[in-house]
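# What the coordinates show
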Amino acid sequence: MNTNITDIFFDLDHTLWDFDKNSQMAFDRIFKNNFEGIKIEDFIEKYLPINQECWRLYQNDQITHQELRYNRLKLSFDALNYSMTDENIDQISNDYIEFLTDNNYLFDGAIEVLEYLKPKYKLHIITNGFAHVQEKKINNASLGGYFTTITNSELAGVKKPNSIIFDYAVNLAQSSKENSIMIGDDFDADVNGALNAGMDAIFFNVKNIETPQNYKQINHLLELKKYL
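Because the structure is predicted, anything quoted here is derived from the model rather than measured.

This part is about the overall build of the protein. Each helix and strand in the protein was counted, giving nine helices and six strands. Here the C-alpha atoms of the protein give a radius of gyration of 18 Å, agreeing with the 17 Å that 2.2 N^0.38 yields for 228 residues. Taking all 228 residues of the protein together, 50% fall into the buried category. Excluding contacts between residues fewer than 6 apart, the proportion of contacts in the protein whose partners are at least 24 apart in sequence is 66%. Counting only carbon and sulfur atoms, one obtains 45% of the accessible surface of the protein, whose full area is about 11,000 Å².

Now the structure itself:
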């Protein structure tokens, strides 16, 4: 346990906010209204790894915001051999962003662990997500009251794992890297990003992937009590 920690930085999607569950509900609503021939289970099976890879490319500045939004849908429909016009893809993309924050399921233990941590530390968010969408997620899920600052990649001008976003967030928090720790589900963007920037980090290994033993990691949010 690091007794020097004063500030805790959380990732939002896939760490506190259950992106996969909320995302599936948004797509289910879209398909039921307009594309009844698409089985949501089949689509999600293709979409999840494609979306993850598109986000990896976006984080590394290999595709743009607009290419991310288009490619993840186009490639998923192609994988299903389902013909979809660009016009339909644009409409689905817009509806998806609109509907996504209507559902706000959090990971098990999220509120309990925030309640546990808030009296002891200053809590913050660092996210690569788009600012207006992330703000709606935080507000609609009643998370805003827990966090002192929220840093997104649009504000910082770079995305995790770039060390500049961690510098930006720590400065905004009026803290220091020595007194800060990052918690997130993305091993490269959150964990190695923070460590390379000079911060401590805990890997939220919700999918139980194999990782080196010398990294701090948890499989459930309430396990944070072991470290903090």
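Anyway, onward from the coordinates.
Let us now look at empty space enclosed by the protein. Counting across every chain of the model gives one cavity of 30 Å³ or more. In this structure, the largest cavity encloses a volume near 90 Å³. Around the largest cavity, the lining residues are Asp13, Phe19, Trp55, Arg72, Tyr96, Ile97, Leu100, Gly129, Phe130, Val133, Gln134 and Lys137. Looking at the lining of the largest cavity, the elements with two or more residues in it are α4 (86-100) and α6 (131-140).

Evaluated as defined, the whole model comprises 17 aromatic pairs. Ring geometry for Phe43 versus Tyr47: centroids 5.3 Å apart, planes at 20°, classification stacked. Linking Phe43 with Tyr47, this pair stays in helix α2 (residues 40-59), spanning four residues, or about one helical turn. Neither residue differs from the other here; Phe43 and Tyr47 are each classed as buried. Joined through ring pairs, the aromatic side chains of Phe27, Phe31, Phe43, Tyr47, Phe77, Tyr82 and Tyr96 make up one cluster.

Turning to the nonpolar core, a few remarks are in order. Within the largest apolar cluster, 56 residues are counted, with the highest numbers of intra-cluster contacts made by Ile8, Phe10, Phe27 and Leu228. For this core, the element with the most residues is α2, which contributes nine residues. Three or more residues apiece are contributed to this core by two domains, here domain 1 (7-18 + 106-226) and domain 2 (19-102). Counting residues in hydrophobic clusters, the runner-up holds 17 residues, among them Ile126, Ala156, Ala197 and Met199.

Attention shifts here to the pairing of strand β2 (residues 122-127). The element β2 is extensively covered by neighbouring structure, given that five of its six residues are classed as buried. As paired elements, β2 and strand β3 (residues 149-152) share four bridges and run parallel to each other. Paired with Thr127 across the bridge in β3 is Asn152. Taking the sense of rotation as the criterion, the β-α-β connection linking β2, α6 and β3 turns out right-handed.

Moving on to the packing of helix α3 (residues 65-79) against α4. Packed helix pairs are specified by the crossing angle of their axes together with the interaxial distance, meaning the distance between the axes. It is the contact of α3 with α4, at a shortest axis distance of 10 Å, that shows an interaxial angle of 115°. Where α3 crosses over α4, the two elements pack in a sense that is right-handed. From α3, Arg69, Tyr70, Arg72, Leu73, Lys74 and Phe77 reach across to α4, where they touch Asp86, Ile89, Asp90, Ile92, Ser93, Asn94, Tyr96 and Ile97. Residues of the contact of α3 with α4, tallied by class, amount to seven nonpolar, two polar and five charged.

Structurally, the protein comprises domain 1 (7-18 + 106-226) and domain 2 (19-102). Counting residues at the interface gives 18 residues for domain 1 and 15 residues for domain 2. Interface of domain 1 and domain 2: buried area, both sides summed, is about 1,500 Å²; carbon and sulfur atoms make up 57% of it. The largest per-residue losses of area from domain 1 upon contact with domain 2 belong to Asp18, Phe130 and Lys159, which jointly make up 40% of the total buried on that side. Here domain 1 is connected to domain 2 by one salt bridge. Across the salt bridge formed by Asp61 and Lys159, the nearest N and O atoms sit 2.6 Å from each other. In terms of residue count, the dominant contributor to the side of domain 1 that touches domain 2 is α6 (five residues). Looking at the side of domain 1 that touches domain 2 residue by residue, the classes come out as five nonpolar, five polar and eight charged.

What the rule picks out here adds up to 13 salt bridges. When the shortest N-O distance is used, the salt bridge between Lys216 and Asp200 registers 2.9 Å. Of this pair, Lys216 sits in the loop between β5 (200-204) and β6 (217-218) while Asp200 sits in strand β5, placing them 16 residues apart in sequence. Salt bridges here are not isolated pairs; linked through shared partners, they connect Asp11, Lys160 and Asp190.

Definitions and limits used
Residues numbered from 1 in each chain as written. Predicted model: local features only at pLDDT ≥ 70, side-chain atom pairs only at ≥ 80, totals over all residues. Heavy atoms only, no water. Helix = DSSP H or I, 4+ residues; strand = E, 2+ residues; numbered from the N terminus. Rg over C-alpha atoms; globule rule 2.2 N^0.38 Å. Buried < 20%, exposed > 50% of the residue type's maximum accessible area, 1.4 Å probe, protein only. Contact = heavy atoms within 4.5 Å. Areas by Shrake-Rupley, 256 points an atom, 1.4 Å probe, with all protein chains shown as cover. 1 Å grid on protein atoms, 1.4 Å probe; cavity = no way out; pocket = protein on both sides within 12 Å on 5 of 7 lines; lining within 4 Å. Points joined across faces, edges and corners; volume = space filled by probe spheres on them. Phe/Tyr/Trp six-rings, centres within 6.5 Å; stacked < 30°, edge-to-face > 60°. Core = buried A, V, L, I, M, F, W, Y, C linked by side-chain atoms within 4.5 Å. Domains from an automatic or database assignment. Pairing = 2+ DSSP bridges. Right-handed = clockwise from strand over helix to strand, strands pointing away. Axes fitted to C-alpha atoms, helices over the stretch in contact; angles between N-to-C directions. Left-handed = near helix turned anticlockwise from the far one by under 90°. Nonpolar A, V, L, I, M, F, W, Y, C, P; charged D, E, K, R; others polar. Buried area = accessible area lost by both parts, 1.4 Å probe. Salt bridge = Lys/Arg side-chain N within 4 Å of Asp/Glu carboxyl O.

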